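Working through the structure, step by step
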Amino acid sequence: MKMNELGLVYFSPTGTTRKVIMETARNIDLKSVSYDLSIHKEKKPNLHFKCNDFVLFGIPVYGGRVPATFLEYFETLKGDNTPAALIATYGCREYEDALLELKNEVESRGFKVIGAGAFPVQHSIVRQIGMSRPNKADLKVIADFGIQLNRKLRNAVDFNNVDIQVPGNNPYKKYGTIPLVPKTDVNLCIECKACAKSCPSGAISMENPKKTDKKKCISCMKCVYSCRKKARYVSNMKLNIAQKKLTKVCKSDKTAEIFM
Ligand SMILES: Cc1cc2nc3c(=O)[nH]c(=O)nc-3n(C[C@H](O)[C@H](O)[C@H](O)COP(=O)(O)O)c2cc1C
């Protein structure tokens, strides 16, 4: 099949999903165009792809699901029987219904899923879990995923008979609320507004970046990671509770699962 362009459509508040998607893309022989949907946009970009494009969709798993904020951008997403592959990164607990939900969402908008991968990585809330993952060995597995996709694209005449199965249940898990809204240390904050500009859900006030709308915050931790003054933080008490809970259910040595 003569292919055109590689579209990278992803949500990556703390950068891990981006790392995984880039490593995959590096092994696909197509010119790529990135759509980072983890930056709040009042106006949604038109995400229209042709039948000979290839699209990699990348998400972090939130509560066993696709982040709802990412799906808001799907209003303007359209494929034309466009081949696509899915990447879900997760913090070594479980990815539950996330891959199945992502597959159903993209296929209902004109894409044909030809491969998928679930990759355990460092947990963005409790960083001791899966610390420093993806590591060297993980990156090798991720690169190999890209190589397999590239081979599939080169060898196929069409993808009509491809039927990738991924784990998960439908109805999906209910979205839970995570009571971890980062705060601002007013003594460290210099009001540079970097957090407000980069918040994926527009929860931080542009006029007063020390103010966070608790209802809009999705606890993605982007503001905590991106504040150069380290003024954004989650209270130690709440973090300790999360750490205790998550340490029991996460396994830092989980391995990647590839569906081809
Ligand atoms: C709000 C929230 C919910 C999460 N839920 C899960 C989960 O259900 N299972 C899991 O294993 N990891 C979970 N994680 C960890 C992330 O999936 C993981 O750290 C991911 O790689 C972060 O991606 P990013 O660096 O691209 O933002 C969650 C993280 C956040 C912030």
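In this text, all values refer to a predicted model and were calculated from it rather than measured experimentally.

The domains assigned to the protein chain are domain 1 (6-171 + 255-259) and domain 2 (183-233). Between domain 1 and domain 2, the C-alpha centre-to-centre distance is 27 Å. Between domain 1 and domain 2, the residue contacts involve 12 residues of the former and 13 residues of the latter. The junction of domain 1 with domain 2 conceals about 1,100 Å² of combined surface from both sides, 57% of it contributed by carbon and sulfur atoms. Between domain 1 and domain 2 we count 0 salt bridges in total. Across the contact surface, domain 1 and domain 2 share 4 residue pairs in polar contact (both at pLDDT 80 or more). In the side of domain 1 that touches domain 2, the residues fall into 5 nonpolar, 6 polar and 1 charged.

Here the residue pair Arg133 and Pro134 is connected by a cis peptide bond, since its omega of 5° sits within 30 degrees of zero. Here the residue pair Asn170 and Pro171 is connected by a cis peptide bond, since its omega of 10° sits within 30 degrees of zero. With respect to the helices and strands, the residue Pro171 is situated in the loop between α4 (136-155) and β8 (183-184). Positive phi, normally seen in glycine, also occurs at Asn81, with a value near 55°. Tracing the chain through its elements places Asn81 in the loop between β5 (77-78) and β6 (82-90). Even without glycine at this site, Lys193 takes up a positive phi of about 70°. Inspection of the secondary structure assignment puts Lys193 in the loop between β8 and α5 (194-198). Look at Lys193 and you get partly exposed, because its relative accessible area is 29%.

Quick notes on the rules
- Residues numbered from 1 in each chain as written.
- Predicted model: local features only at pLDDT ≥ 70, side-chain atom pairs only at ≥ 80, totals over all residues.
- Heavy atoms only, no water.
- Domains from an automatic or database assignment.
- Contact = heavy atoms within 4.5 Å.
- Buried area = accessible area lost by both parts, 1.4 Å probe.
- Salt bridge = Lys/Arg side-chain N within 4 Å of Asp/Glu carboxyl O.
- Polar contact = N/O pair within 3.5 Å; in protein donor to acceptor, adjacent residues only side chain to side chain.
- Nonpolar A, V, L, I, M, F, W, Y, C, P; charged D, E, K, R; others polar.
- Helix = DSSP H or I, 4+ residues; strand = E, 2+ residues; numbered from the N terminus.
- Buried < 20%, exposed > 50% of the residue type's maximum accessible area, 1.4 Å probe, protein only.

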